[in-house]
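For reference, the chains in residue letters:
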Amino acid sequence: MKHRHSYMLIGACMATSLLSACNDPEPKTEADSALEQATIVAAMQDPIEVEIHSLDDLKTLFKEHNYDSKNWQNGNREIPRLSFAKIGERWAKSSQNLPVPVKKEVFFRLMAPLVLIANEKILLERQIINNEAITSESLIALARKYKVIDESALSLTQQQKIELLERVDIMPPSLALAQSAEESGWGTSRFTREGNSFFGQWDFSGKGMVPKQQRKELGNYGLARFDSPLASVEGYMLNINTQRAYQKLRTLRAQLRADGKPISGLELAGTLDKYSERGQAYIDSIREMIRYNKLQEVDKAYLSDDKLIHLKAPE
């Protein structure tokens with residue numbers, strides 16, 4: 001049986017989904033939560049490694065898992081668990097010669113599983129918040145991770161728990177996919193190739209990748225490096241869920257959830273005026289990306305319970 005972890009919050013409530021209620025799900029029993037977590041852990045452990053030698057290999061793998069255009073057009077929204085280590089120079093060169101629709105399809109099909117996996121982890125964190133007492137060590141650890149309390153704090157208040165729940169929430173796949181395409185140049189940018197930077201996050205630690213034309217008035221900044229594309233997606237979501245610049249997004253998302261409305265990429269995009277110095281022009285670009293590529297449909301997608309497949313380049 002497949003557990004449909006859908007990211008489209010619509011009126012009806014489904015008890016078998018992590019997003020099983022229009023507001024917040026009722027706290028699960030310990031047994032239910034443990035079973036759900038065990039299912040996910042089993043799917044993510046000991047991934048199946050598959051060498052990909054060509055675009056044809058990749059298309060064959062997609063087809064074997066019913067993850068191709070034909071199945072998508074027929075309404076299948078199940079997405080296999082896929083990961084990959086990096087985008088290499090080969091993609092940057094070969095993608096220039098691909099028809100634009102093919103390049104887009106490959107990019108979105110590779111990135112969508114990562115977005116859903118990152119959201120799945122966040123939903124498990126929401127379960128902890130809903131189920132644990134405010135004195136729980138696991139809850140306090142989450143409050144530190146999401147910067148609701150500082151590292152020295154040993155407890156949190158009920159109000160801080162409410163704030164934490166507002167921060168620990170999903171990003172609509174449509175929005176994450178559109179931003180990753182925009183910020184990485186469809187995975188071809190220097191920063192994506194060198195450091196798995198798919199979302200253009202800045203790093204002021206001195207360890208970032210320095211742009212050729214660094215704006216000195218902004219200090220010693222660079223683009224953040226990540227160990228993997230999945231880590232980049234998770235870093236993007238943590239950035240959105242913790243930084244002051246994105247409070248408007250978190251507030252709107254919480255309101256949509258409370259009203260039982262879809263957590264819509266098109267709507268949340270309207271709060272991202274501070275993500276880029278382009279301001280409203282950036283918002284318009286992201287919304288057009290979502291509409292033109294019909295990315296709203298990915299908000300209805302759910303992950304397969306099958307084992308994680310890790311794609312490898314030939315050695």
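The structure this text deals with has already been given above.
Keep in mind that this is a model prediction, so the values were computed, not measured. (Residues numbered from 1 in each chain as written. Predicted model: local features only at pLDDT ≥ 70, side-chain atom pairs only at ≥ 80, totals over all residues. Heavy atoms only, no water.)

S.K.: Tell me about the overall build of the chain, and please be specific about residues and values.
M.R.: The number of helices and strands found in the chain is 13 helices and 7 strands. The 315 residues of the chain split such that 50% are buried. Here the chain displays about 15700 Å² of accessible surface, and carbon together with sulfur accounts for 52% of that area. (Helix = DSSP H or I, 4+ residues; strand = E, 2+ residues; numbered from the N terminus. Buried < 20%, exposed > 50% of the residue type's maximum accessible area, 1.4 Å probe, protein only. Areas by Shrake-Rupley, 256 points an atom, 1.4 Å probe, with all protein chains shown as cover.)

S.K.: Describe in detail unusual backbone geometry, supporting the description with residues and values.
M.R.: Phi is positive for Asn66, close to 55°, though the residue is something other than glycine. Mapped onto the secondary structure, Asn66 falls in the loop between helix 2 (55-64) and helix 3 (69-73). Despite not being glycine, Lys147 has its phi angle at roughly 60°, a positive value. Turning to its location among the elements, Lys147 is positioned in the loop between helix 6 (137-145) and helix 7 (158-167). Judged by its relative accessible area of 52%, Lys147 is exposed.

S.K.: Any chance you could break down the sheet that holds strand 1 (residues 48-51) for me, citing the residues and the numbers?
M.R.: The strand order across the open sheet built from 3 strands is 1-7-3, with neighbouring strands paired in parallel fashion. What marks the edges here is a single partner per strand, and that holds for strand 1 and strand 3 (82-84). Sheet twist, expressed as the mean angle between neighbouring strand axes with direction ignored, is 30°. Summarising the sheet, strand 1 and strand 7 (residues 309-312) pair through 4 bridges and their orientation is parallel. (Pairing = 2+ DSSP bridges. Axes fitted to C-alpha atoms, helices over the stretch in contact; angles between N-to-C directions.)

S.K.: An account of the pattern of salt bridges is needed here, citing residue identities and associated values.
M.R.: Side chains that differ in charge, positive against negative, can pair when their charged atoms come close. In this structure the tally under the stated criterion is 14 salt bridges. Residue Glu49 pairs with Lys312 through a salt bridge whose shortest N-O separation is 3.5 Å. Taken together, the positions of Glu49 in strand 1 and Lys312 in strand 7 put the pair 263 residues apart, joining distant regions of the chain. Where Arg278 meets Glu182, a salt bridge forms, and the shortest distance between an N and an O atom there is 2.8 Å. (Salt bridge = Lys/Arg side-chain N within 4 Å of Asp/Glu carboxyl O.)

S.K.: How would you explain the nonpolar core if you had to name every residue and give the values?
M.R.: Within the largest apolar cluster, 73 residues are counted, with the highest numbers of intra-cluster contacts made by Leu164, Leu175 and Tyr236. When residues in this core are grouped by element, the largest group, 14 residues, is from helix 5 (residues 100-131). If near-sequence neighbours (up to four positions away) are discounted, Leu164 is found in contact with Ile129, Leu139, Leu142, Ala143, Tyr146 and Val148. (Core = buried A, V, L, I, M, F, W, Y, C linked by side-chain atoms within 4.5 Å. Contact = heavy atoms within 4.5 Å.)

S.K.: Explain the packing of helix 8 (residues 173-184) against helix 13 (residues 280-292) to me, using residue names and the numbers behind them.
M.R.: Two numbers describe how helix 8 lies on helix 13: the axes approach to 9 Å, and their chain directions differ by 115°. Judged by the angle between their axes, helix 8 and helix 13 are roughly perpendicular. Our pair here, helix 8 against helix 13, has a crossing hand that is right-handed. Residue-level contacts link Ser174, Leu175, Ala178, Gln179, Ala181, Glu182 and Glu183 of helix 8 to Tyr282, Ser285, Ile286, Met289 and Ile290 of helix 13. Of the residues contributing to the contact of helix 8 with helix 13, the split by class is 7 nonpolar, 3 polar and 2 charged. (Parallel < 35°, antiparallel > 145°, perpendicular 65-115°, else oblique. Left-handed = near helix turned anticlockwise from the far one by under 90°. Nonpolar A, V, L, I, M, F, W, Y, C, P; charged D, E, K, R; others polar.)

S.K.: For the packing of helix 5 against helix 7, give the residues involved together with the corresponding values.
M.R.: Remark: helix 5 packs on helix 7, axes separated minimally by 10 Å, with the N-to-C direction vectors making an angle of 165°. Of the possible angle classes, the one that applies to helix 5 and helix 7 is roughly antiparallel. Our pair here, helix 5 against helix 7, has a crossing hand that is left-handed. Between helix 5, through Arg126, Ile129 and Asn130, and helix 7, the contact on the second element is made entirely by Lys161, Leu164 and Leu165. Taken together, the residues that form the contact of helix 5 with helix 7 break down as 3 nonpolar, 1 polar and 2 charged.

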